[in-house]
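Fold and contact review
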Amino acid sequence: MEFGRIIISETAMNSENLQDVIHSNISVINLMREEGVNDDLIHEDALMSYYLDYYVSQYTEGNFAQFVYNSSWDKELNELIEEGLALIGAQKHLELFQQQSKKVKLMSSVKLNKFLKGKLEGVNPIRDLLNSDTFFEIEENLIALNANFLKTHPDFEVLSVDDMFATLEEFVGHEIKRA
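Each value, and the rule that gives it
- Residues numbered from 1 in each chain as written.
- Predicted model: local features only at pLDDT ≥ 70, side-chain atom pairs only at ≥ 80, totals over all residues.
- Heavy atoms only, no water.
- Helix = DSSP H or I, 4+ residues; strand = E, 2+ residues; numbered from the N terminus.
- Buried < 20%, exposed > 50% of the residue type's maximum accessible area, 1.4 Å probe, protein only.
- Contact = heavy atoms within 4.5 Å.
- Phe/Tyr/Trp six-rings, centres within 6.5 Å; stacked < 30°, edge-to-face > 60°.
- 1 Å grid on protein atoms, 1.4 Å probe; cavity = no way out; pocket = protein on both sides within 12 Å on 5 of 7 lines; lining within 4 Å.
- Points joined across faces, edges and corners; volume = space filled by probe spheres on them.
- Pairing = 2+ DSSP bridges.

**Describing the overall build of the protein**
Counting its regular elements, the protein contains 10 helices and two strands. Reading the secondary structure of the protein in the N-to-C direction produces β-α-α-α-α-α-α-α-α-α-β-α. Overall size of the protein, expressed as C-alpha extent along the three principal axes, is 50 × 35 × 25 Å. For the protein, with 179 residues in total, the buried portion stands at 46%. In the protein, 72% of the contacts between residues at least 6 apart in sequence involve partners at least 24 apart.

Structural data, given as structure tokens:
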């Protein structure tokens, strides 16, 4: 049975920082995974938001090459990110992602594997080819779009931390240790 809700804490919902909404969703997904819940049972839009945040943080920290490198250029993940960017209304970011993906697709598998197995730092012409600062010039705010996507989702629910745990414990069928 799928967990059909996207749960955010009251604290995150009341925060001035929209990233807190996204992080609250991420915490719930991480907790579910720690409790052995398979990704197939987690709300697909909650997961999509999770992976969009991963993409944004990778790009922000080390540009597109870091995303390609750290994600091992995973086809399923890339499809989720493309779908996610379209769903949250980030059209310009979607176009950039598709342009950047084309660079990787045009690369031979030998070249790509060499890049993925090599070091990201130092002299790295493939890394330099993959990077694009256009990401930082696009005026679409991916954090705001992602957070607002979650907040306006029909399956979105705001709960106290205690109620969050109670709901998740009911779903997994046992008590969850709290940190």
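Next comes the rest of the description.
**Some remarks on the packing of aromatic side chains**
The relation between two aromatic rings is expressed through the spacing of the ring centres and the mutual angle of the planes. One pass over the structure, following the stated rule, counts 17 aromatic pairs. Relative to Phe97, the ring of Tyr55 has its centre 5.3 Å away and its plane inclined at 90°; by these criteria the two rings are edge-to-face. You can see Tyr55 sitting in helix 3 (residues 44-71) and its partner Phe97 sitting in helix 5 (residues 91-105), a full 42 residues away along the chain. Like Phe97, Tyr55 is buried. Ring centres of Phe64 and Phe67 lie 5.9 Å apart, and the angle between their planes is 45°; this geometry places the pair in the tilted category. One end of the pair, Phe64, and the other, Phe67, are both in helix 3, three residues apart, so they sit about a helical turn from each other. We note that Phe64, like Phe67, is buried. Site record: aromatic cluster; members linked through ring pairs are Tyr54, Tyr55, Tyr59, Phe64, Phe67, Trp73, Phe97, Phe135 and Phe136.

**Points about empty space enclosed by the protein**
For the coordinates displayed, the defined rule picks out one cavity of 30 Å³ or more. By volume, the largest cavity amounts to about 40 Å³. Lining the largest cavity, in full, are Phe3, Arg5, Ile6, Ile7, Asn25, Val28, Ile29, Met32, Ile42, His43 and Ala46. Contributing elements (two or more residues each) for the lining of the largest cavity: strand 1 (6-9) and helix 2 (19-34). When residues in the lining of the largest cavity are grouped by element, the largest group, four residues, is from helix 2.

**Overview of the pairing of strand 1**
Side-chain alternation along strand 1 places Ile6 and Ile8 on one buried face and Ile7 and Ser9 on a second face that is also buried. One ladder, built from four bridges, connects strand 1 with strand 2 (residues 156-159); its direction is parallel. Opposite Ile8, over in strand 2, you have Val158 as the bridge partner.

Nothing here speaks to function; it is geometry throughout.
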